[in-house]
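Each chain, written out:
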Amino acid sequence: MTPEQAAVMKGYPIWMTIAFAIGTLGGTIGCCLLLLRSRYSIPVFWISLVAYVVLYIGDYTEGVFAALGPPQVIILTIAVVISGCDSPRLSDSGGRLNYAASAGAYSASN
């Protein structure tokens, strides 16, 4: 990491750190909830994605992308786009987890 890149990283505003924390923890908690087949995994994943989009915007406006260079920007952009494109599959028409109310069991719809 160059000194310029380190200076940019140290100069993050607090809201970017919070967005990163929400995105990271939200993804981790969402994965745990998904393993438990909880219906709450979907909204947690959406919150995580929104936090990452906010972080992405912050990276652009705060000069992080300029400091890191095009290869890093391309990788981050692809990751956010893939996450955003995959999320609709988790909505009502895709892999949303549904409760079997009478038995209290879980099932994934197709």
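For clarity, every value in this text was computed on a predicted model and none was experimentally measured. Each chain carries its own residue numbering, running from 1 in the written order of its sequence. Confidence filtering applies because this is a predicted model: local features only for residues at pLDDT of at least 70, side-chain atom pairs given and counted only at 80 or more, and all residues used for totals across whole chains, interfaces and linings. Computation of side-chain values covers all heavy atoms of the structure but excludes hydrogens and water.

### Description of the overall build of the protein chain
Reasoning step 1: Regarding its fold elements, the protein chain presents 5 helices and 2 strands.
Reasoning step 2: For helices the rule is a DSSP run of H or I covering at least 4 residues; for strands it is a run of E covering at least 2, with both sets numbered from the N terminus onward. In the protein chain, the succession of α and β elements from N to C terminus is α-α-α-α-α-β-β.
Reasoning step 3: Counting contacts in the protein chain only where the partners sit at least 6 residues apart, residues at least 24 apart contribute 56% of the total.
Reasoning step 4: Summed over its atoms, the accessible surface of the protein chain is roughly 7300 Å², and 70% of this surface lies on carbon and sulfur atoms. Note on contacts: a residue pair is in contact if any heavy atoms of the two residues lie within 4.5 Å. The Shrake-Rupley method, run with a 1.4 Å probe sphere, supplies the accessible areas, and residue values consider only the shown protein chains as cover.

### Concerning helix H3 (residues 41-61)
Reasoning step 1: Between its terminal C-alpha atoms H3 stretches 30 Å, which fits the 30 Å expected from 21 residues at 1.5 Å a residue.
Reasoning step 2: Buried means the residue's accessible area, taken with a 1.4 Å probe over protein chains only, is under 20% of the maximum for its type, while exposed means over 50%, and partly exposed covers the values in between. Residues of H3 that are buried include every one of Ser41, Ile42, Phe45, Ser48, Leu49, Ala51, Leu55, Gly58 and Asp59, and no others.
Reasoning step 3: Immediately beyond the C-terminal end of H3, within one or two residues, lies Gly63, with a positive phi of roughly 85°. Helix span is expected to be 1.5 Å times the residue number reduced by one.

### Thoughts on unusual backbone geometry
Reasoning step 1: A positive phi angle, close to 60°, is found at Arg37, a residue other than glycine.
Reasoning step 2: Within the fold, Arg37 resides in the loop between helix H2 (14-35) and H3.

### Quick notes on the environment of Met1
Reasoning step 1: Here Met1 is to be found in the segment before helix H1 (3-10).
Reasoning step 2: Overall, Met1 belongs to the exposed group, its relative accessible area being 72%.
Reasoning step 3: For the pair formed by Met1 and Ala67, sequence separation is 66 residues and the distance between their alpha carbons is 9.9 Å.
Reasoning step 4: Not counting residues within four places of it along the chain, the set of residues in contact with Met1 comprises Ala6 and Met9.

### What to know about the environment of Gly58
Reasoning step 1: Among the secondary structure elements, Gly58 is positioned in helix H3.
Reasoning step 2: Sequence separation between Gly58 and Tyr12 is 46 residues, and the spatial gap between their C-alpha atoms is 8.9 Å.
Reasoning step 3: Setting aside chain neighbours within four positions, we find Gly58 in contact with Trp15 and Met16.

### Some thoughts on the side chain of Ser38
Reasoning step 1: Mapped onto the elements, Ser38 comes out in the loop between H2 and H3.
Reasoning step 2: Any pair of N or O atoms that falls within 3.5 Å is considered a polar contact. Within protein, one atom must be able to donate a hydrogen and the other to accept it, and sequence-neighbouring residues count only if both atoms are side-chain atoms. At a separation of 3.1 Å, a polar atom in the side chain of Ser38 contacts the main-chain amide nitrogen of Tyr40.

### As for the confidence of the model for the protein chain
Reasoning step 1: For the protein chain, the average pLDDT comes to 77, and 75% of its residues sit at 70 or higher.
Reasoning step 2: Scored below 50 in pLDDT, residues 92-96 makes 13 contacts in the model with residues more than four places away or belonging to other chains.
Reasoning step 3: What pLDDT expresses is the predictor's confidence in each residue, scored from 0 to 100. Confidence drops under pLDDT 50 across residues 98-110; counting only partners more than four residues distant or on other chains, this segment forms 21 contacts.

### What about a nonpolar patch on the surface?
Reasoning step 1: Patch members must show over 30% relative accessible area and no salt bridge, and they are joined within 9 Å when carrying like charges or within 5 Å when they are nonpolar side chains of Val, Leu, Ile, Met, Phe, Trp or Tyr. By definition, a salt bridge exists where a carboxyl oxygen of Asp or Glu is found within 4 Å of a side-chain nitrogen of Lys or Arg. Taken together, Ile14, Trp15, Ile18, Ile22, Ile47, Val50 and Val54 make up a surface patch of nonpolar side chains, about 640 Å² in accessible area.
Reasoning step 2: Where the nonpolar patch is concerned, the elements lending two or more residues are H2 and H3.
Reasoning step 3: If one sorts the elements of the nonpolar patch by residue count, H2 sits on top with 4 residues.
Reasoning step 4: Counting through the fold element by element, Ile18 comes out in helix H2.

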